[in-house]
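# Understanding the architecture of this molecule
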Amino acid sequence: MSGTNSAENPWPVRTVNTKIADWIHRLGQIWVEGQVTQINRRPGTRVAFLTLRDPAADISISVTCSPDLLYRTEVQITEGSRVVMLGRPTYFTGRGTISLRVSDIRPVGVGELLLRIERLRQLLNAEGLFDPRLKRPLPFLPRSVGLISGRASAAQRDVMTVATERWPAVRFAVRDAPVQGPTAVPRILGHLGDLDADPDVEVIIIARGGGSVEDLLPFSDEALVRAVAACRTPVISAIGHEPDTPLLDLVADLRAATPTDAAKRVVPDVAAELEGIAELRRRSVHALRNWVRREAHVVDGLRARPVLARPFTMVDAHADDVDRMRMDIRRDIRRTVDAEHRRLDHLSARLATLGPAQTLARGYAVVQRTDIAQPHVVATTAEMPEGAHLRIRVADGSATARVTMDDPSTSAKG
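Residues numbered from 1 in each chain as written. Predicted model: local features only at pLDDT ≥ 70, side-chain atom pairs only at ≥ 80, totals over all residues. Heavy atoms only, no water.

By the naming in an unreviewed UniProt entry, the protein is Exodeoxyribonuclease 7 large subunit, taken from Gordonia prachuapensis. What the UniProt record of the protein gives under Subcellular location (unreviewed entry) is the line "Cytoplasm". In the Catalytic activity (unreviewed entry) part of its UniProt record, the protein is described as follows: "Exonucleolytic cleavage in either 5'- to 3'- or 3'- to 5'-direction to yield nucleoside 5'-phosphates." (UniProt positions renumbered as here; feature names shortened; annotations may be inferred.)

Right under this line is the structure:
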């Protein structure tokens, strides 16, 4: 149909489907890898219908082929098989659906699967997802243990039985999920997210009782490995497959050899713990008694020493020294006081000899002028003008006088 496509000139549905079919048919034949999730082979029909899923994403495509093609493969194709198909995409314009018409199906061998797992391991290891420093410690006694395993499987039974025998009060949050095949990873991822978000679940066990490399492919799935690395809750991998290590073992916080080993790692043995406590108590009592015995021996040795047997011996030994020193101190003090007394008497005698009283006794007098603001002893006649008031002190007393005339040759009259 010619003309420009617009709101005024829209294409009918048949035109759109035809154009889509043309675009898809231009792809030609292509090789596609995936996992077979469904096979429908009806007896008497010439077409077999399959569903091919991308293991790393929730994306699938319908596949059609000849039933003989499924029978001619070297390894039988079953649900869950990893395959490589050669086919041509076909778009059905009537139904608006796409399908892949294949002409060759090749199962992916074990060696190739292991090689791809190794490449993925190297990639994730380079990103640091397997770093031992990221491993989280397990709780000593978790409130609840999350368990992801097959419904009524031996692995589920082993974990719960062994854990309950070791600690009868243990609680489990059990999530049933397929542990192989195309639906295993989506179901495990959903349960893992639920358990990680549960605040009561303190540790999560992902358990399976071993299997072939093909059976264990879900536990090397990139989406599952990244989800375990992102969990906040410690995760234990209990796949139980020793020869080959699924990538889940590397990213988990603890790798258990078997589901039974996982139960022993996550739940303490009550009998063993009680015996350990009893042993610690016995050792503590023994150590305490030995310590008391040693300290008592030390105390007895100290008490047997003379200084403690007769505690006043040292005091008595020094009492005489104290008395002697006290007598020496008193004698020294008395001698010092006597010397100071003699020195004081000597100074008093000197002071008496040199003092004014002795001078007055020999007939001298001290004349003071008293009519001025600051009375003082006069030494010359110039300091005794006429009318000045004087105080004359002699040996046995004093008298007052007034100067009547200022004549050095005339004596003052009283």
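## As for the pattern of salt bridges
Enumeration over the complete set of coordinates arrives at 19 salt bridges. Note that D253 is salt-bridged to R136, the shortest N-O span being 2.8 Å. Here D253, found in the loop between α7 (247-251) and β10 (254-255), pairs with R136, found in the loop between α3 (110-126) and β6 (144-149); they are 117 residues apart in sequence, far enough to count as distant. In this structure D253 comes out as buried when scored by relative accessible area, which is 10%. (Salt bridge = Lys/Arg side-chain N within 4 Å of Asp/Glu carboxyl O. Helix = DSSP H or I, 4+ residues; strand = E, 2+ residues; numbered from the N terminus. Buried < 20%, exposed > 50% of the residue type's maximum accessible area, 1.4 Å probe, protein only.)

## Focus on the sheet that holds strand β2 (residues 48-54)
Where strands meet in a sheet, backbone hydrogen bonds hold them as pairs that are either parallel or antiparallel. Ordered in space as β1-β2-β3-β5-β4, the 5 strands form a closed barrel in which the pairing is mixed. Here the average twist between neighbouring strands, direction ignored, is 55°. Bridge count for strand β1 (residues 30-40) against strand β4 (residues 82-92) is 6 bridges, and the pairing is antiparallel. In the sheet register, Q35 faces β4, and the bridge partner there is R82. Across the sheet, helix α1 (residues 13-25) touches β4 and β5 (97-107), and the angle it forms with β4 is around 145°. (Pairing = 2+ DSSP bridges. Axes fitted to C-alpha atoms, helices over the stretch in contact; angles between N-to-C directions. Contact = heavy atoms within 4.5 Å.)

## Section: the packing of aromatic side chains
Scanning all chains against the criterion turns up 0 aromatic pairs. Its end group placed over the ring of W11, K19 keeps NZ or CZ at 4.7 Å from the ring centre. The side chain of R95 reaches across the aromatic face of F92, ending 4.6 Å from its centre. (Phe/Tyr/Trp six-rings, centres within 6.5 Å; stacked < 30°, edge-to-face > 60°. Lys NZ or Arg CZ within 6 Å of the ring centre and 35° of its normal.)

## Brief notes about the packing of helix α5 (residues 184-197) against helix α6 (residues 222-230)
If you want to describe how two helices pack, look at the angle between their axes and the distance between the axes. Where α5 contacts α6, the two axes come as close as 10 Å, and the packing angle between them is 10°. Relative to α6, the element α5 is oriented roughly parallel. Packed against α5, whose contacting residues are I188, L189 and L192, the element α6 presents A223, L224, A227 and V228 at the interface. (Parallel < 35°, antiparallel > 145°, perpendicular 65-115°, else oblique.)

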